[in-house]
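# Structural characterization, general
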Amino acid sequence: MDKDLHSTFAELMFHLLPSPYESQEINHLTLAYFVISSLDILNSLNRVEKDAIANWVLSFQVHPGTKADPNNGQFYGFHGSRTSQFPPDDNGVLLHNHSHLASTYCALAILKIVGYDLSNVDSEIMLASMRNLQQPDGSFMPIHIGGETDLRFVYCAAAICFMLDNWSGVDKEKAKDYILNCQSYDGGFGLVPGAESHGGGTYCAIASLRLMGFIDDNLLSSCDSSLINVPLLLEWVVQRQGMDGGFQGRPNKATDTCYAFWIGAVLKILGAGNFVDNKALRRFLLTCQYKYGGFSKFPGEFPDLYHSYYGFTAFSLLEESGLKSLCSELGITETAAKGL
Amino acid sequence: MASGSSEVEEQEQERVMLRDRPEWSDVTPLPQDDGPTPVVPIKYTEEFAEVMDYFRAVFAADERSPRALSLTAEAIHFNAGNYTVWHFRRLLLESLKIDLHDELEFVQRIAADNSKNYQIWHHRRWVAEKLGPDARNAELQFTKKVLSVDAKHYHAWSHRQWVLQALGGWEDELDYCSELLEQDMFNNSAWNQRYFVITKSPLLGGLEAMRESEVLYTVKAINVYPENESSWRYLRGLYKGETISWANDPQVSSVCLKILSSKTLFWILSVTVINRIKTSEMPLRL
Ligand SMILES: [Zn+2]
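All figures in this text were calculated on a predicted structure; none of them were measured in a lab. Going along each chain's sequence as written, the residues are numbered from 1 onward. The order in which chains are written sets their letters, starting at A; the order in which ligands are written sets their numbers, starting at 1. It should be noted that, the model being predicted, local features are given only for residues of pLDDT at least 70 and side-chain atom pairs only at 80 or more, the latter also being counted only at that level, while totals for whole chains, interfaces and linings use all residues. Computation of side-chain values: all heavy atoms of the structure, hydrogens and water removed.

Moving on to the interface of chain B and chain A. Note on contacts: a residue pair is in contact if any heavy atoms of the two residues lie within 4.5 Å. Facing 49 residues of chain B, the contacting portion of chain A comprises 59 residues. For the chain B and chain A pair, buried surface summed over both sides reaches about 4,900 Å², with 56% attributable to carbon and sulfur atoms. Contact with chain A buries area across many residues of chain B, yet B:Val40, B:Tyr83 and B:Tyr154 alone supply 17% of it, more than any other trio. Salt bridges are counted wherever a side-chain nitrogen of Lys or Arg sits within 4 Å of a carboxyl oxygen of Asp or Glu. For the pair chain B and chain A, the interface holds four salt bridges. A salt bridge links B:Asp34 to A:Arg82, with the nearest nitrogen and oxygen atoms 2.6 Å apart. Whenever a nitrogen or oxygen atom comes within 3.5 Å of another N or O atom, the pair is scored as a polar contact, on the condition that within protein one atom can donate a hydrogen and the other can accept it, and that pairs from neighbouring residues in sequence are kept only if both atoms are in side chains. Where chain B packs against chain A, one counts 31 residue pairs in polar contact (both at pLDDT 80 or more). Elements are defined by DSSP. Helices are runs of H or I of four residues or more, strands are runs of E of two residues or more, and each kind is numbered from the N terminus. Looking at the side of chain B that touches chain A, the elements with two or more residues in it are helix 2 (46-60), helix 4 (83-95), helix 6 (118-131), helix 8 (154-167), helix 10 (188-200), helix 12 (229-237) and helix 15 (267-279) of chain B. Considering each element in turn, the side of chain B that touches chain A owes the most residues, seven residues, to helix 10 of chain B. Residues are grouped as follows: nonpolar covers Ala, Val, Leu, Ile, Met, Phe, Trp, Tyr, Cys and Pro; charged covers Asp, Glu, Lys and Arg; every other residue, Gly included, is treated as polar. Its residues assigned to classes, the side of chain B that touches chain A shows 23 nonpolar, 17 polar and nine charged. Here's the idea: put two parts together, see how much 1.4 Å probe accessible area each one loses, and the total over both is what we call buried area.

Right, let's get into the packing of aromatic side chains. Two rings from Phe, Tyr or Trp (for Trp, the six-membered ring) form a pair when their centres are within 6.5 Å of each other. A pair whose planes differ by under 30 degrees is stacked, one over 60 is edge-to-face, and the rest are tilted. Scanning the entire structure with this criterion turns up 37 aromatic pairs over all chains. By the ring-pair criterion, three or more aromatic residues cluster together here, those being A:Tyr33, A:Phe34, A:Tyr105, A:Tyr155, A:Tyr203, A:Phe261, A:Trp262, A:Tyr306, A:Tyr309 and A:Tyr310. To sit over a ring, a charge needs its Lys NZ or Arg CZ within 6 Å of the ring centre and within 35 degrees of the ring normal. The ring of A:Phe86 has B:Arg56 sitting right over it, with the charged end atom 4.6 Å from the ring centre.

Once that is clear, we can look at the environment of A:Ser316. Residue and element names in this part refer to chain A. Counting through the fold element by element, Ser-316 comes out in helix 12 (residues 305-317). By relative accessible area, Ser-316 is classed as buried at 6%. The spatial distance from the C-alpha of Ser-316 to the C-alpha of Asp-40 is 11 Å, given a sequence separation of 276 residues. Contacts of Ser-316, omitting those with residues within four sequence positions, involve Ile-41, Leu-323, Lys-324, Ser-325 and Leu-326. Engagement of the side chain of Ser-316 in a polar contact is seen with the backbone nitrogen of Leu-326, the distance being 3.5 Å. Classification of residues uses two cut-offs on accessible area relative to the type maximum, computed with a 1.4 Å probe and protein chains only: under 20% is buried, over 50% is exposed, and between them is partly exposed.

Residue and element names in this part refer to chain B. One less than the number of residues in a helix, times 1.5 Å, gives the span that helix is expected to have. Between its first and last C-alpha, helix 8 extends 20 Å over 14 residues, near the 20 Å set by a 1.5 Å rise per residue. With respect to burial, helix 8 is a largely interior element, eleven of its 14 residues being buried. Within helix 8 the residues assigned to the buried category are Tyr-154, His-155, Ala-156, Trp-157, His-159, Arg-160, Gln-161, Trp-162, Val-163, Leu-164 and Leu-167. Looking one or two residues past helix 8, Gly-168 carries a phi angle of roughly 90°, positive in sign.

Residue and element names in this part refer to chain A. In this description, a donor is an N, O or S atom within 2.8 Å of the metal centre, a cutoff extended to 3.2 Å for sodium, potassium and calcium. Water is not part of the atom list, which can make sites seem incomplete. Coordination of the zinc ion by the protein is provided by Asp-256 (OD), Asp-256 (OD), Cys-258 (SG) and His-307 (NE2), with metal-donor distances spanning 2.1 to 2.5 Å. Coordination at the zinc ion comes from four donor atoms whose angles at the metal span 54 to 118°, giving a geometry best classed as irregular. In terms of primary sequence, the donors binding the zinc ion are separated according to D-x1-C-x48-H. In this pair, Asp-256 sits in the loop between helix 9 (230-238) and helix 10 (259-269) while His-307 sits in helix 12, placing the two residues 51 residues apart along the sequence. Given the relative accessible area of 4%, Asp-256 is considered buried. By the criteria applied here, four donors are tetrahedral when all angles lie between 85 and 135 degrees, four are square planar and six octahedral when opposite donors are over 155 degrees apart and every other angle lies between 65 and 115, and any other arrangement is irregular.

Here we take up the pattern of salt bridges. Residues and elements named next belong to chain A. Overall, the coordinates contain 28 salt bridges over all chains when judged by the stated rule. Between Lys-176 and Glu-173 there is a salt bridge, and its shortest N-O distance comes to 3.0 Å. Taken together, the residues Lys-176 and Glu-173, both in helix 7 (residues 172-181) and three residues apart, mark about one turn of the helix.

Residues and elements named next belong to chain A. Under this scheme, a helix contributes an axis fitted over its contacting stretch, all axes are lines through C-alpha atoms, and angles between N-to-C directions fall in the 0 to 180 degree range. Contact pair helix 2 (residues 28-41) / helix 4 (residues 101-113): the axes reach a minimum separation of 9 Å and the direction vectors enclose 25°. Here helix 4 runs roughly parallel to helix 2, going by the angle between their axes. The handedness of the crossing between helix 2 and helix 4 is left-handed. Listed contacts from helix 4 to Leu-29, Thr-30, Ala-32, Tyr-33, Ile-36, Ser-37 and Asp-40 of helix 2 are Ser-103, Tyr-105, Cys-106, Ala-107, Ala-109, Ile-110 and Ile-113. Looking at the contact of helix 2 with helix 4 residue by residue, the class counts come to ten nonpolar, three polar and one charged. Throughout, the term roughly parallel applies to angles under 35 degrees, roughly antiparallel to angles over 145, roughly perpendicular to angles from 65 to 115, and oblique to all others. Note: crossing handedness is left-handed where the near helix turns anticlockwise from the far helix by less than a right angle, and right-handed where it turns clockwise.

On to the nonpolar core. All names here are of chain A. Remark: nonpolar core denotes a set of buried residues (Ala, Val, Leu, Ile, Met, Phe, Trp, Tyr, Cys) joined through side-chain atoms within 4.5 Å. Core analysis: the biggest nonpolar cluster contains 120 residues, and Ile-36, Leu-101 and Tyr-105 have the highest contact counts within it. At twelve residues, helix 6 (residues 151-164) tops the list of elements feeding residues into this core. In this structure, Tyr-105 is in contact with Tyr-33, Tyr-155, Cys-156, Ala-159, Ile-160, Met-163, Leu-330 and Gly-331, ignoring residues within four places of it in sequence.

Turning to the side chain of A:Ser37, a few remarks are in order. Along the chain, the position of A:Ser37 falls in helix 2. Non-local contacts of A:Ser37, meaning those with residues more than four positions away in its chain, are made with A:Ile113, A:Tyr309, A:Gly331 and A:Ile332.

You can read pLDDT as the predictor saying how much it trusts each residue, on a scale of 0 to 100. Mean pLDDT over chain B: 87, with 85% of residues reaching 70 or higher. Scored as a whole, the predicted complex attains pTM 0.93, and scored at its interfaces, ipTM 0.95.

Let's shift gears to unusual backbone geometry. Residues and elements named next belong to chain A. Phi at Asp-165 takes a positive value of approximately 55°, unusual for a residue other than glycine. At Glu-319, a position not held by glycine, the phi torsion is positive, near 60°. Looking at where Glu-319 falls in the secondary structure, it is placed in the loop between helix 12 and strand 1 (326-327). By relative accessible area, Glu-319 is classed as exposed at 66%.

Looking now at the environment of A:Thr30. With respect to the secondary-structure elements, A:Thr30 resides in helix 2. Taking the C-alpha atoms as reference, A:Thr30 lies 7.6 Å from A:Gly80; in sequence the two are 50 residues apart.

Residue and element names in this part refer to chain B. Interhelical geometry of helix 2 versus helix 3 (residues 66-78) gives an angle of 140° and a closest axis separation of 10 Å. In this structure, helix 2 meets helix 3 at a crossing whose hand is left-handed. Contacts between helix 2 and helix 3 involve Glu-47, Phe-48, Val-51, Met-52, Tyr-54, Phe-55 and Val-58 on the former and, on the latter, Ala-68, Leu-71, Thr-72, Glu-74, Ala-75 and Phe-78.

The following block contains the structure:
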């Protein structure tokens, strides 16, 4: 992998995202997370100004004021972007709060990457109000005005609590039950109960269980007492590596760069990284590497930010020299996760 | 007209900027403030920035008007994932008492461009929920249409499962799965839906009642394409929680033997055999 080329690509993205990304403006913090975490993995974070990043991220946090009642049904976290953020009225009352779990996860992840001490984040009302998003079945809504509930937001909630080292925002038992309900007959996990097993859903399930402390490192050696059907899961996961070396997200679908992370990270968390044919995977990923930096979804296409990021994380899981190692369950580097 | 989408279509020919439209002359756009040090800025097009600035002004003023509704349609056209816009649209649909059947058509048109977007499906569900059982056929038809273009469309399948559970319509679902599998035996989404139907349909009596006929169906499918992972996993799923009967069912043994005696040895089969040997009380004679 051409590390310098990719660093330049990520740096360019850092300074200006091309117009097509405006359609994802609402997830601006997520786009920023992809760029900044890319620079970190590529060991190139020294190219950007960390304090400016921290201040910018913190400016998306919702501060409801002291009078806000955490039981009013709202969630007070981070806005995803400027278009959803509105100034308070003349009396200082916040009329529009569209804090989002995914944006909040990305905000905290970026802050950790740039070395900001999360104990300085005002997180009391964030955690207390996060409970308003958890549903009776244990799943999470992403935003209090309503939205699809699925494993992605269980993961975001778990990662937020883990990073803040405070689990008051999640009913872990309920979340666990929901995750277990998402394990399909074939061993993988769908995004909601009954849905088809999916690489992304399986990552959210396993990473959440790991972050919540329900499964240990190297689950394989202790699989007898496990909550989930580990042998069936492992069989499903291992078989996602295709003939071309890449990983697919579902059986009988084309292989795709991003699943090298979603599936690779699950194998890593399960302690089963040795089941991957690393050489073949590397060969596949290189066919998706763009000549001017970045990775595409499929071989020979134009790159995009999302697949570039998961291309970098995949190379990190492959222990490519010069790349920082990854904390698979948090989706950031080990150094960022440990606050080093 | 009420949903504002026909306006969008006309404007695609030659779009007039909002500032040049007389009906918007009384509105002062509310620009977004990205602070003194924007990070990872996006190179907005002029059209995008303008639509969102007008949207922000109208939303902040909480203007519940037909022109606001049509503005949400324009904003959705530019960024279909913007949940603030969709949220305001739902408030407007309620305030203006719009016929929600028109809204289903609007969603269908938006989905034609970009159906892989969570907000569109969330909105669709909101509308269908409001319409209740009335919406059942429209929703089953809509997902069928999406699936006729992409038979593995994850959002469409999720929506369809929700429709079946919330609004009903199970009668033809098993036949629909068979139809899709006939078109493509390798369609894992259709196998998954089949499993969903036989375990969840109130009309079929559950997994236990369906096992025998489903094993027969699946063994046939495996004989046609022994390399198909989906059918093998489905077969295994039919014995969920029943390792003993899985290990002893003569139908499973015979399909394994038959495939083994043919020239090619498939990985999935060897896993199945090993798994059966492990879980079997009696050694499997091969
Ligand atoms: Zn992908």
